[in-house]
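So the chains spell out like this:
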Amino acid sequence: MRKVYVQEAGKHDLRSNIGIHLKKMNIIREYYLLLTLLACSAVSEKAPGLEWASSVSPMKRLANQLSFNYGPRNVRPRLRHSDPVELVMYFSPSILSEFVEQTQILAIQGVLFMGWVDEFLTWDPQHHDNINVMSMRSKDIWMPDITVYERLGTGTAVVNLFEPYLIVNSTGYVEMYQLVDLTVYCRLNMNKFPFDVQRCRMKFTSFTYDSDQFILRYANTTAANQSIFRVNGVWRFRGFSANEVEVKYACCPNPFGEIHYEFVLARIGDFYVFSIWIPSILLSILELTVFLVHPDSGEKVSLSVNNVLAFILFQQIVLENMPNIGEDPPILVVYFSAMIALSCGSVLSSVIVLRIYHHDPSTPVPGFLKCLTFGKNPARGSDVVVSRAVVTVSGNLTHSDTSPSNSRRKGSSNRGEGIQGSDPSLLEVNRITWNRVALGLDKLCLVVAVLIMVGTGLYCCLKFQQ
C-alpha cells in the first residue's frame, strides 16, 4: 500500500508542474500576440494598402500614400521617359536690395513662380474624400534645376528665406511660389550719368536637361506681367521683357531652352543735379571771370588755380561712384576734362598776360604783338603828358624835355639802338603799349574760352539727347 501511495503522489506533482508550464506558455503566447498586434498597427500607419485608424485625416493619409509611392527624386516625373517635362515660369521683381556700381553687382528680390505636371502625383478625388488640392514639401518630390547664368557666388542660385511648399492638384499639376534674392552681374552704361538708364539681363535655364527632356516656357499671365517693384529713392523701375529662346552650345548635341529677362532701371538724378551739375556750371562761369580780372589786382593766377582744384575735386567725387569702364566714358567726365583743360589754359594765359603786362618798358613792343592793341596806339591816339623828370643814364644825371615833339624826335633817332636813354616819354609809351597788348590778349583768351565752353555745352546736350 505504501508503494502505491508513493506512485500516486509522484503523478500528482507531475500534473501540477505541467499545469504551471502551460500557464507560463499561455502568458508568453498572449504577450507575443500583443506584440504582433502592435507591429501590425505600426505597419498599417505606413502601408497605404492597409486599413487606417479612424483618427488619421484623409489629407494626411493621401500625403503619406503619395510620398510612399513616389520613389527616387532624381527621376523626371514622366511615366514614359521619352516625354519631356514642360515647365512654365516667371520672375516678378519687388525690391532692389543693392546696386554696387563700382563692381556692377545687382541684388534684386522678387517672387519666382514655376509650374509643371508631375505624373507621379495623381489621385482620384472620389477615393480620398473629394480632396483636389494639397501641399507638399519641395524636398519630397522632383524639382527642376533652374539656375541663372549671371548669378555671382557659389551654392544655390537662389537664397530661400524659408523652405518652399508646393501646391499639387489631383491631375499632378505642381505650382511653386518662392521668395528669392538674386545677386547677379549687370553691365552698366554710365554714358549719360546721372540720367542713365540701365538694362540688366538675366538668363533662366536648366543646367542639366536639354530641349528633348525639358521645355521651358514663359508664363505670360497677368500675374507675370504685373509690376510690384518698390521705388527705393535711387532707381525707378521702368519695366521688363521676357523672351523664350533656344541656344545651341558646343558641348551638347541638343539646344537648351532659356528665358531671357531684361530689367530696365532709370536713375533718379535729382540729387546729382543739385550736388554736381549746377555747381560745375557755376564754376565754369566763374572760370570766365579770370579773364576779366585786371592784372594789377594780384589775384588773377590764384583764382585760376582755385578753379582747377575745384574741377579736379568734383571729377574725383563723380569717379568714385562709377565703375572703371574704358569704353564710352560718361558725358559728365568729358565735360569735367574739358573744363579742367580750360582752367589749366587760363592759368597759363594769366601767367603770360602778367608777364607781358609787367614787361620792361625799355624794350619796344614787337610788331606782331601790336595787333593785340586793336589799333590803339598811345603814341598816335593821344599825347602823353609827362612832367619833367630826372633820368639816370650811365651814371650821369641829365635833364630831358618830355614834350610830345621831342619824344617823337628822340624816339626816331634811337630806334635802331634800343632806348639808351634819356627819354621817359618813350618809356611811358612802351609801358602803355605792353599793358594794352596784355589786356588785348586777355580779351582774346576770354573769347576763346567762351567758344570752348559753349561748344562743350552743346556737345554734352547733343549727347544727352541721343
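Residues numbered from 1 in each chain as written. Predicted model: local features only at pLDDT ≥ 70, side-chain atom pairs only at ≥ 80, totals over all residues. Heavy atoms only, no water.

A. Summary view of the environment of Y218. Relative to the helices and strands, Y218 is located in strand β8 (residues 214-218). Between the C-alpha atoms of Y218 and Y90, which are 128 residues apart in sequence, the distance is 6.0 Å. (Helix = DSSP H or I, 4+ residues; strand = E, 2+ residues; numbered from the N terminus.)

B. Here's a closer look at the sheet that holds strand β1 (residues 85-100). Taken in spatial order, the six strands make up an open sheet running β3-β5-β6-β2-β1-β8, and their pairing is mixed. This sheet does not close on itself; its edge strands, each paired only once, are β3 (133-137) and β8. Between one strand and the next, the sheet's axes are offset by a mean angle of 30°, whatever the strand orientation. As defined by bridge partners, strand β2 (residues 105-117) adjoins strand β6 (residues 173-185) across 13 bridges and the pair is classed as antiparallel. Of the residues in β6, the one forming a bridge with I108 is L182. (Pairing = 2+ DSSP bridges. Axes fitted to C-alpha atoms, helices over the stretch in contact; angles between N-to-C directions.)

C. Structural view of the pattern of salt bridges. For the coordinates displayed, the defined rule picks out ten salt bridges. Between E86 and R217 there is a salt bridge, with the nearest N and O atoms lying 3.9 Å from each other. Here the residue E86 occupies a position in strand β1, and R217 occupies one in strand β8, the gap between them amounting to 131 residues. For E86, a relative accessible area of 43% corresponds to the partly exposed category. The class of R217 is partly exposed, set by a relative accessible area of 35%. A salt bridge links R137 to D140; the shortest N-O distance between them is 3.1 Å. The partly exposed category is assigned to R137, whose relative accessible area is 31%. A network of salt bridges, in which partner residues are shared, links E86, R217 and E244. (Salt bridge = Lys/Arg side-chain N within 4 Å of Asp/Glu carboxyl O. Buried < 20%, exposed > 50% of the residue type's maximum accessible area, 1.4 Å probe, protein only.)

D. Looking closely at the sheet that holds strand β4 (residues 146-148). The strand order across the open sheet formed by four strands is β4-β7-β10-β9, and the pairing between neighbours is antiparallel. Strands at the two margins of the open sheet, each flanked by one partner only, are β4 and β9 (235-247). Between one strand axis and the next, the sheet turns through 20° on average, direction left out of account. Taken together, the three bridges between β4 and strand β7 (residues 197-206) define a ladder with antiparallel strand orientation. Bridge pairing links V148 to F204 in β7.

E. Up close: the packing of helix α4 (residues 270-288) against helix α5 (residues 300-320). Where α4 meets α5, the axes come as close as 10 Å, and the angle between the chain directions of the two elements is 160°. Taken as axis vectors, α4 and α5 run roughly antiparallel relative to one another. Of the two possible hands of crossing, α4 and α5 adopt the one that is left-handed. For the pair formed by α4 and α5, the contact residues are S275, I276, P279, S280, L283, S284, L286 and E287 on the first element and N307, A310, F311, F314 and V318 on the second. Here the contact of α4 with α5 is built from residues that sort into eight nonpolar, four polar and one charged. (Parallel < 35°, antiparallel > 145°, perpendicular 65-115°, else oblique. Left-handed = near helix turned anticlockwise from the far one by under 90°. Contact = heavy atoms within 4.5 Å. Nonpolar A, V, L, I, M, F, W, Y, C, P; charged D, E, K, R; others polar.)

F. Representation of the state of the cysteines within the structure. Across all of its chains, the model carries one disulfide by this definition. The disulfide partner of C186 is C200, and the S-S distance across this bridge is 1.9 Å. Between C186 and C200, the disulfide has an S-S torsion of -80° and is therefore left-handed. Of the two residues, C186 sits in the loop between β6 and β7 while C200 sits in strand β7, which places them 14 residues apart along the sequence. By relative accessible area, C200 is classed as buried at 1%. In this model C461 remains outside any disulfide bridge; the closest cysteine sulfur is found in C460, 6.9 Å from its own. Take C461: its relative accessible area is 48%, and that puts it in the partly exposed class. (Disulfide = S-S within 2.5 Å.)

G. Up close: the environment of H81. Note that H81 resides in the loop between α2 (58-70) and β1. We classify H81 as exposed; its relative accessible area is 70%. For the pair H81 and Q213, spaced 132 residues apart in sequence, the C-alpha to C-alpha distance is 8.6 Å.

H. Spatial organisation of the nonpolar core. Grouped together as the largest cluster of nonpolar side chains are 85 residues, with contacts concentrated most on F91, F99, L182, M202, F204 and Y261. Ranked by residue count, the leading element in this core is helix α6 (residues 331-357), at eleven residues. In this view, Y261 contacts Y90, F91, C200, R201, M202, F204, Y218, F240, S241 and A242; residues no more than four positions away in its chain are not counted. (Core = buried A, V, L, I, M, F, W, Y, C linked by side-chain atoms within 4.5 Å.)

Structural measurements only, silent on function.
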